Amino acid sequence: MAKGKSQYCTWFCGDCKRANDISYYDKRRNDEVVKEVSKFCPQCRKHTVHKRKDTKKGN
Ligand SMILES: [Zn+2]
């Protein structure tokens, strides 16, 4: 039986700390998932380092 193994995560801007993006990844491939990535932040209006924070799937 296949259970949902998707891990949801939110990307927070390292500058303004706002959550800018939500994505999910396969938890079994956790090692391949980066924890920091450069994304465009609409608040800062520039590319900043975004840090991933895992979030549980909401009820
Ligand atoms: Zn920002």
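So, here's what we can say about the structure. Here the structure is a predicted model, which means the values were calculated and not measured.

1. Side note on the sheet that holds strand β4 (residues 46-55)
Each strand in a sheet pairs with its neighbour through backbone hydrogen bonds, running either in the same direction (parallel) or in the opposite one (antiparallel). Taken together, the four strands give an open sheet; going across it, the order is β2-β1-β4-β3, and neighbouring strands pair in antiparallel fashion. Because the sheet does not close on itself, it has two edges, and the strands there are β2 (19-26) and β3 (36-41). Across the sheet, the mean angle from the axis of one strand to that of its neighbour is 40°, orientation sign disregarded. Sheet analysis places strand β1 (residues 6-13) next to β2, joined by seven bridges and oriented antiparallel. Note that in β2 the partner of C9 across the bridge is S23.

2. Quick look at the coordination of the zinc ion
Around the zinc ion, the donor atoms from the protein are C13 (SG), C16 (SG), C41 (SG) and C44 (SG), and they sit 2.2 to 2.4 Å away. For the zinc ion, the four donor atoms are set out with angles of 102 to 115° between them, so the coordination reads as tetrahedral. Sequence spacing of the donor residues for the zinc ion, all on one chain, is C-x2-C-x24-C-x2-C. By relative accessible area, C16 is classed as partly exposed at 26%.

3. Topic: the side chain of H50
Within the secondary structure layout, H50 lies in strand β4. Of the residues examined, H50 reaches a relative accessible area of 0% and is grouped as buried. Side chain to side chain, H50 and N20 meet in a polar contact 2.9 Å long. Discounting chain neighbours no more than four positions away, the residues touching H50 are W11, F12, C13, G14, N20, K35, E36, V37, K39, F40 and C41.

Reading guide: rules and limits
All chains use their own residue numbering, which begins from 1 and follows the written sequence. Totals for whole chains, interfaces and linings use all residues, but because this is a predicted model, local features are given only for residues with pLDDT of at least 70 and pairs of side-chain atoms are given and counted only at 80 or more. To get the side-chain values, all heavy atoms of the structure are used, and hydrogens and water are removed first. Two strands are said to pair when DSSP picks up at least two bridges between them. In this description a helix means any DSSP run of H or I spanning at least four residues, a strand means any run of E spanning at least two, and both kinds are numbered starting from the N terminus. The axes used here are C-alpha line fits, helices contributing only the stretch in contact, and every angle between their N-to-C directions lies in the interval 0 to 180 degrees. Sites may look incomplete because water is not among the atoms; the donors themselves are N, O and S atoms within 2.8 Å of the metal, or within 3.2 Å for Na, K and Ca. Donor angles set the geometry label: tetrahedral for four donors if every angle is between 85 and 135 degrees, square planar for four and octahedral for six if opposite donors exceed 155 degrees and the others are between 65 and 115, irregular for anything else. Burial classes: relative accessible area under 20% of the type maximum marks a residue as buried, over 50% as exposed, and values in between as partly exposed (1.4 Å probe, protein chains only). Whenever a nitrogen or oxygen atom comes within 3.5 Å of another N or O atom, the pair is scored as a polar contact, on the condition that within protein one atom can donate a hydrogen and the other can accept it, and that pairs from neighbouring residues in sequence are kept only if both atoms are in side chains. Whether two residues are in contact is decided by their heavy atoms: any pair within 4.5 Å suffices.

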